[in-house]
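Architecture and fold: a report
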Amino acid sequence: MSQTSWWEWSQGVVSNLQHSIFSLTKPSQSNNADFLRAYIKEHGEETFRNNPWALTAAIEDFASTGKHLMIFKEPKLKIAREALESLPTKPKLIIEFGTYVGNSAIAWGAILQGLHGPNAAEKGCRVYTFELDPIMVRLSRDLVQLAGLDEIVHVLEGPASESLRKLYNEGKVTAGDVDMAFIDHWEEYYLADLQLCEELSVFHKGSLVVADNTDFPGAPKYLEYVRSGGSGAVRYESEGYTSQTKRGPSVVEISTVVEV
Ligand SMILES: C[S@@+](CC[C@H](N)C(=O)[O-])C[C@H]1O[C@@H](n2cnc3c(N)ncnc32)[C@H](O)[C@@H]1O
């Protein structure tokens, strides 16, 4: 084995080990769903009605009470929000890979509402978010409704790639439409699902692709791809933004489409 292939092999072993450890420590999604529902009820469900930022703050509080939730927390959300709000044209369409409890989807919906006002839905603002787990689909739909965002945020059940193709075939997402893709499902799908976006030509020049957990559990192939600028007609400029979390420094990768 040459020195390079030995290095690649050992990196693969490390990455597989990290994935195995992470899988073993993945929280039970259904238990956490029940606990979160109870927490929202106990804290006065009505205070969160049509109040998305109060709801996301409560979900973060819940996550800090010892019940681990794999949500996209502040300060990462702040980094993505600033990038989204500083786009030259106000964003209208966001697709999200990995809904879970709906925390980030609610945040994206609230940001679109903040940018476009209370009639954001009538102006065509949409967040399409994709989730495999039916328990999480039910919980996130309920929370989206509580936040008053159900006309903007749509939770689609099933593998993300199938849901995106379906939206495309139905004409709900068309070529050049997507202002931001947020990639936050299982890391092994990151690159394939980004390439599906490319195949369907959903990006325009200036679209953002925000990806979480590219450092840990890690999405090395995805990272290599966006950092090298892509391999096809869609070209990216990409940068990792590090923030401090309870578990230590963590990176969110923001890639801007510079050519389509
Ligand atoms: C890290 S969580 C998403 C967190 C969410 N974005 C937030 O910040 O609130 C990842 C979710 O992606 C879902 N998931 C994983 N692979 C998927 C796939 N291929 N298609 C759809 N959902 C997937 C998992 O079931 C899990 O609920």
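Everything below is about the structure shown above.
Because the structure is predicted, anything quoted here is derived from the model rather than measured.

Okay, the packing of helix H9 (residues 190-199) against helix H11 (residues 220-227) next. The contact between H9 and H11 brings their axes to 8 Å, and the two run at 40 degrees. Relative to H11, H9 is oriented oblique. Taking contact as the criterion, the partners of Tyr190, Leu191, Leu194, Gln195 and Glu198 in H9 are, on H11, Lys221, Tyr222, Tyr225 and Val226. The residue makeup of the contact of H9 with H11, split by class, is 6 nonpolar, 1 polar and 2 charged.

The next subject is the packing of aromatic side chains. Applying the stated criterion across every chain yields a total of 7 aromatic pairs. Their ring planes at 85 degrees and their centres at 5.6 Å tell us that Tyr190 and Tyr222 sit as a pair that is edge-to-face. Note that Tyr190 is positioned in helix H9 and Tyr222 in helix H11, a separation of 32 residues in sequence. For Tyr190, a relative accessible area of 0% translates into the label buried. Put simply, the rings of Phe72, Trp108 and Phe182 pair up and form one aromatic cluster.

As for its placement among the helices and strands, Asn103 is situated in helix H6 (residues 103-116). Sequence-distant contacts of Asn103, defined by excluding residues within four places in its chain, comprise Thr56, Ile59, Ile71 and Phe72.

Within the structure, the ligand sits among 20 residues, and Phe72, Gly98, Ser104, Glu131 and Asp184 are positioned closest to it. The backbone of Gly98 places a nitrogen or oxygen atom 2.8 Å from a nitrogen atom of the ligand. Leu132 is positioned with one of its backbone polar atoms (N or O) 3.2 Å from a nitrogen atom of the ligand. Contact with the protein chains covers 97% of the free accessible surface of the ligand, which is 610 Å². Going through the elements one at a time, H6 and strand E2 (126-131) are the ones with two or more residues in the shell around the ligand. By residue class, the composition of the shell around the ligand is 11 nonpolar, 7 polar and 2 charged.

Calculation criteria
Residues numbered from 1 in each chain as written. Predicted model: local features only at pLDDT ≥ 70, side-chain atom pairs only at ≥ 80, totals over all residues. Heavy atoms only, no water. Axes fitted to C-alpha atoms, helices over the stretch in contact; angles between N-to-C directions. Helix = DSSP H or I, 4+ residues; strand = E, 2+ residues; numbered from the N terminus. Parallel < 35°, antiparallel > 145°, perpendicular 65-115°, else oblique. Contact = heavy atoms within 4.5 Å. Nonpolar A, V, L, I, M, F, W, Y, C, P; charged D, E, K, R; others polar. Phe/Tyr/Trp six-rings, centres within 6.5 Å; stacked < 30°, edge-to-face > 60°. Buried < 20%, exposed > 50% of the residue type's maximum accessible area, 1.4 Å probe, protein only. Near = heavy atom within 4 Å. Polar contact = N/O pair within 3.5 Å; in protein donor to acceptor, adjacent residues only side chain to side chain. Areas by Shrake-Rupley, 256 points an atom, 1.4 Å probe, with all protein chains shown as cover.

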